[in-house]
Amino acid sequence: MSPKATGLPYDRVWNFSAGPSALPVSVLEEVQRDLLNYKGTGMSVMEMSHRSKVYDSIINGAEATLRRVLKVPDNYAIIFMQGGGTGEFAASYLNLFACKSVRDKQRKLGRPLTCDYLVTGSWSKGGLKEVKRLGGTTNVVVDGVKDADSGAVSYNSLAPVSEWNLGKPEETAFVYYCENETIHGVETPSSLVVDAVDPSVPIICDMSSNMLSRPIDVKRFGAIIAGAQKNMGPAGVTLVIVRKDLLEREEPDTEAVRGVPSVLDWQYYASAGSMPHTPPTFAIYVCGLVFKWAEEMGIEALDQLREARAGLVYDMMDKHPDFYRGVVDKQYRSKMNLVFNLPTKELESKFAAEAAERNMVQLKGHRSLGGIRISLYNAMPLEGAQTFVAFMKEFYAANCQ
């Protein structure tokens, strides 16, 4: 493909991909400067031994920076793993059922504890499916919203808490939910869940697509899992923030760990500083740079930016609701992944094509839903959203008849 002059630095485009996604230009510039010779070492980070003192400072620095940015308490471990959010579907279940507190509760109950799942879209549905595949006893707390007439389930809103089917605390191992569904564009406020769940039950939250975009009260969660490739860095790293008591196991208890593969074992990784074997060294290094960038920006400023970006697009959608047809209940509309339909599929194809001509790419909705999806992650400046909204306005004027 021939280079194209875009008018943006380095002739880059406005990349609205749902992931892997855009990285801050300043981070990419630093990576570029140090690519061949990192800080005078004479080698690239991707060539460096993970057992070297230099790399040790890189990974420890990344962890320390993230801990400051998110105000992660000392009684939580931060672990860099692999396998993505999908790997953590299994890891969450396997690690919780290997931990001492859950096993003690299960012995007291005399039968398998239940895993509670809030199903709000494709990713939480995938988490539920994986635990069922592994033989877990599951309870669906809520499954989208049902049409009163047809009974059909859709993932464009969330039933009120009064209709949730939470299990009894003494019978529940954990509650799982995905805070931001990238495909359906549904974002569940964390306060809604943590306030509804008994404090004795650990909450496992998949924050893959809204991590590092706003302040988090980490202590309200048992574990937070997140793929890095949306807001935190390149693909290849999975972040786990887990309360340390959930890593405790009875020793020796071979039965507890027999079903936990080493590559999914949180305790195994935590006890080795995320490096029981060679980690994705370069990806973690880039994540560390993104964490520093986020610290310089300030987590509150990033939260304000996400609200401003999304607000611009939603205001345009609300101004022309018969043309830009939002499908998600307004109170649960994602600030990260904004989805809408146009009156016809032909118009949707035309919209994406004409946007690409104006250097705005990756706007087609997920293949399972179609439509249009614009992803506005941390690295997207306000100018990107403004440019997109200006195009929305032009496209409406030219095609609204």
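We now turn to the structure provided with this report.

Sheet strands line up and pair through hydrogen bonds in the backbone, either parallel or antiparallel. Across the sheet, three strands lie side by side as β13-β14-β16; this open sheet has antiparallel pairing. Two strands lie at the open edges of the sheet, namely β13 (325–326) and β16 (372–375), each paired on one side alone. Relative to β16, strand β14 (residues 337–341) is paired through four bridges, and the arrangement is antiparallel. Residue pairing for β16: Asn-337 is matched across the bridge by Ser-375. Taken strand by strand, helix α10 (residues 299–319) contacts β13, β14 and β16, and its axis lies near 15° from that of β14.

Right, let's talk about the pairing of strand β11 (residues 223–227) for a bit. In regular strands, side chains alternate between the two faces of the sheet. Of all five residues that make up β11, five are buried, and the element is covered over most of its length. Every second residue of β11 is oriented toward a common face, with Ala-223, Ile-225 and Gly-227 on one face and Ile-224 and Ala-226 on the other, all of them buried. In this sheet, β11 lies alongside strand β10 (residues 203–206) in parallel orientation, the contact comprising three bridges. Along β11, the bridge assignment pairs Asp-206 with Ile-225.

Structural remark: α-helix, 3.6 residues per turn; residues separated by three or four positions point the same way. In a regular helix each residue adds 1.5 Å, so 13 residues correspond to 18 Å; helix α3 (residues 84–96) covers 18 Å between its end C-alpha atoms and thus fits that length. Across the 13 residues of α3, twelve count as buried, placing the element largely inside the fold. Those residues of α3 that sit buried are Gly-84, Gly-85, Gly-87, Glu-88, Phe-89, Ala-90, Ala-91, Ser-92, Tyr-93, Leu-94, Asn-95 and Leu-96.

Mapped onto the fold, Leu-96 is located in helix α3. Between the C-alpha atoms of Leu-96 and Leu-70, which are 26 residues apart in sequence, the distance is 23 Å. Not counting chain neighbours up to four residues away, the residues in contact with Leu-96 comprise Val-102, Ala-173, Phe-174, Pro-202, Ile-204, Leu-246 and Trp-266.

Here the structure, examined in full by the defined rule, presents 20 salt bridges. With a shortest N-O distance of 3.0 Å, Arg-133 and Glu-130 are connected by a salt bridge. Note that Arg-133 and Glu-130 are positioned in helix α5 (residues 122–133) at a spacing of three residues, about one turn of the helix. A residue is classified by how much of its surface remains accessible, and Arg-133, at 61% relative accessible area, is exposed. Among the salt bridges present, the one from Asp-217 reaches Lys-219, with a minimum N-O distance of 2.8 Å. The class for Asp-217 is partly exposed, based on a relative accessible area of 36%. Judged by relative accessible area, which is 56%, Lys-219 ranks as exposed. Each member of the salt-bridge network shares a partner with another, and the members are Lys-100, Asp-104, Arg-107 and Glu-250.

Turning next to unusual backbone geometry. Peptide bonds are, in most cases, trans, and in most cases residues other than glycine have a negative phi. Here Gly-19 and Pro-20 are connected by a cis peptide whose omega angle stands at -5°. Within the secondary structure, Pro-20 sits in the loop between β1 (14–15) and α1 (25–34). For Leu-212, which is not glycine, the phi dihedral falls at a positive 70°. Structurally, the position occupied by Leu-212 is in the loop between β10 and β11. According to the relative accessible area criterion, Leu-212 is buried, its value standing at 0%.

Before going further, it helps to examine the nonpolar core. With 61 residues, the main nonpolar core has Leu-70, Met-211, Leu-212, Phe-221 and Ile-241 as its most contacted residues. No other element matches the ten residues that helix α9 (residues 281–297) contributes to this core. Contact partners of Ile-241, with chain neighbours within four places excluded, come to Leu-70, Val-72, Tyr-76, Ala-77, Ile-78, Met-211, Val-218, Gly-222, Ala-223 and Ile-224. Among the nonpolar cores identified, the runner-up in size contains 36 residues, and Phe-89, Tyr-93, Leu-247 and Leu-264 belong to it.

This next bit is on the environment of Leu-305. Within the secondary structure, Leu-305 sits in helix α10. Of the residues examined, Leu-305 reaches a relative accessible area of 17% and is grouped as buried. Along the backbone, Leu-305 and Met-380 are 75 residues apart, and their C-alpha atoms lie at a distance of 9.1 Å. The contacts of Leu-305, once residues within four sequence positions are left out, are Met-297, Asn-378, Met-380 and Leu-382.

Conventions used here
- Residues numbered from 1 in each chain as written.
- Predicted model: local features only at pLDDT ≥ 70, side-chain atom pairs only at ≥ 80, totals over all residues.
- Heavy atoms only, no water.
- Pairing = 2+ DSSP bridges.
- Helix = DSSP H or I, 4+ residues; strand = E, 2+ residues; numbered from the N terminus.
- Contact = heavy atoms within 4.5 Å.
- Axes fitted to C-alpha atoms, helices over the stretch in contact; angles between N-to-C directions.
- Buried < 20%, exposed > 50% of the residue type's maximum accessible area, 1.4 Å probe, protein only.
- Expected span 1.5 Å × (residues − 1).
- Salt bridge = Lys/Arg side-chain N within 4 Å of Asp/Glu carboxyl O.
- Core = buried A, V, L, I, M, F, W, Y, C linked by side-chain atoms within 4.5 Å.

Such coordinate-based values are descriptive only and should not be taken to indicate function.
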